[in-house]
Every structure is written in structure tokens, then in C-alpha cells.
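# Report on the structure
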Amino acid sequence: MLRALYDKVNDDQIEEEVPFLLSWGFDLEALKTSISNVGQISPLVVKPHRDRFRLICGCRRRQALRELGQDEYTVLILPEDTTPKQSLVLALEENLGHRSFNEAEKVLALRRFLSLTGLGDQGLTALASGRLDPETAELLMAMESADRT
């Protein structure tokens, strides 16, 4: 279980790069109306990264808040040692908890793992069965194929 802390941060404290972006082709009008009427209900989820924060969940909320002229957000700050795998799982859970993915968003969700297909049948079987974790598979993929044996 990840222990997190609620706080407020300014927009300029959050990196522009969003490595766990899972939203594509969305309309912000309903979200902006909701935020205008009741304020920000759900926090952005961030984790410390260098001297700023990396956005894990809440890309659409952040964009809607920006368009409404707000530059300070309520955030849930994850521990610095939150792994990329934990971040991706959290982003998937958070998004799937309130909506379905369109086809482009399904591709975005899988993009991080697309390079794993070069592992071959044995590697994919090991990955699917849990005998090989995604981080190790990524390390293997970074190696020359002759060095993987």
C-alpha cells in the first residue's frame, strides 16, 4: 500500500511531461462546468521527481483547471520511491474507476509495454505467467538479442 500526502501545489511545480498519460480525444466542457460549479473534488496524483512533481493521474483535470485560470491544485503526493509499475497501475485503476477507454487510450495504456513483443514466445509466456516482471523484460529488451540468452 502506498502512503500518500495531500497538499496544494502550483502549476509550475508540476513537470509538463506526463509519462502515464492515458487520455486522448476528450472534451473538457463537462469537467470544466463541474469544476466551476463545485470546485476541484478529486486531487491530481503526483510524485516527487527531481526538484518538481511528475503527474501520475489527473491530466484532464489539470487541463480543465488551467483553462479555468486556476494555477494551484489539490494533489495527492505519492512517495518518491513509487515505482513506474506502481504508477502505471495506479493510473489505470484511477481512470478505469470512472470511465471506459476509447481505442486510442487503450493503445496509450499498452504503449509502455509495446517493446516487450520482441521477447519472443518464451519471453511473452514468462511475462504473462508472472515469471518475468515488466521491469526485467524492459532491461532484457535494451540488450542486444545475442546477449539475452
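Provided above is the structure to which this section pertains.
Residues numbered from 1 in each chain as written. Predicted model: local features only at pLDDT ≥ 70, side-chain atom pairs only at ≥ 80, totals over all residues. Heavy atoms only, no water.

### Considering the overall build of the protein
Looking only at helices and strands, the protein has six helices and four strands in total. Ordering the α and β elements of the protein from the N terminus gives β-α-β-β-α-β-α-α-α-α. Counting across all 149 residues of the protein, residues that qualify as buried make up 34%. Relative to all contacts within the protein whose residues are 6 or more apart in sequence, the contacts with residues 24 or more apart total 75%. (Helix = DSSP H or I, 4+ residues; strand = E, 2+ residues; numbered from the N terminus. Buried < 20%, exposed > 50% of the residue type's maximum accessible area, 1.4 Å probe, protein only. Contact = heavy atoms within 4.5 Å.)

### Concerning the layout of surface pockets
By volume, the largest pocket is sized at about 420 Å³. Taken together, 25 residues make up the lining of the largest pocket; nearest its centre are Leu-31, Arg-60, Arg-61, Glu-94 and His-98. Those elements giving two or more residues to the lining of the largest pocket turn out to be α1 (29–38), β3 (52–57), α2 (59–67) and α3 (84–96). Element by element, the count of residues in the lining of the largest pocket is highest for α1, at four residues. (1 Å grid on protein atoms, 1.4 Å probe; cavity = no way out; pocket = protein on both sides within 12 Å on 5 of 7 lines; lining within 4 Å. Points joined across faces, edges and corners; volume = space filled by probe spheres on them.)

### Some words on the sheet that holds strand β4 (residues 72–77)
Strands pair in a sheet through their backbones, by hydrogen bonds, and they do so in one of two ways: parallel or antiparallel. Read across the sheet, four strands follow the order β1-β4-β2-β3 without closing on themselves; strand pairing throughout is mixed. Looking at which strands have only one partner, the edges of the open sheet turn out to be β1 (5–10) and β3. Direction aside, neighbouring strands of the sheet carry axes that sit 50 degrees apart on average. In this structure, β1 lies alongside β4, joined through six bridges in antiparallel fashion. The residue of β4 that forms the bridge with Leu-5 is Ile-77. α2 contacts β2 (44–49), β3 and β4 of the sheet and is inclined by roughly 115 degrees relative to β3. (Pairing = 2+ DSSP bridges. Axes fitted to C-alpha atoms, helices over the stretch in contact; angles between N-to-C directions.)

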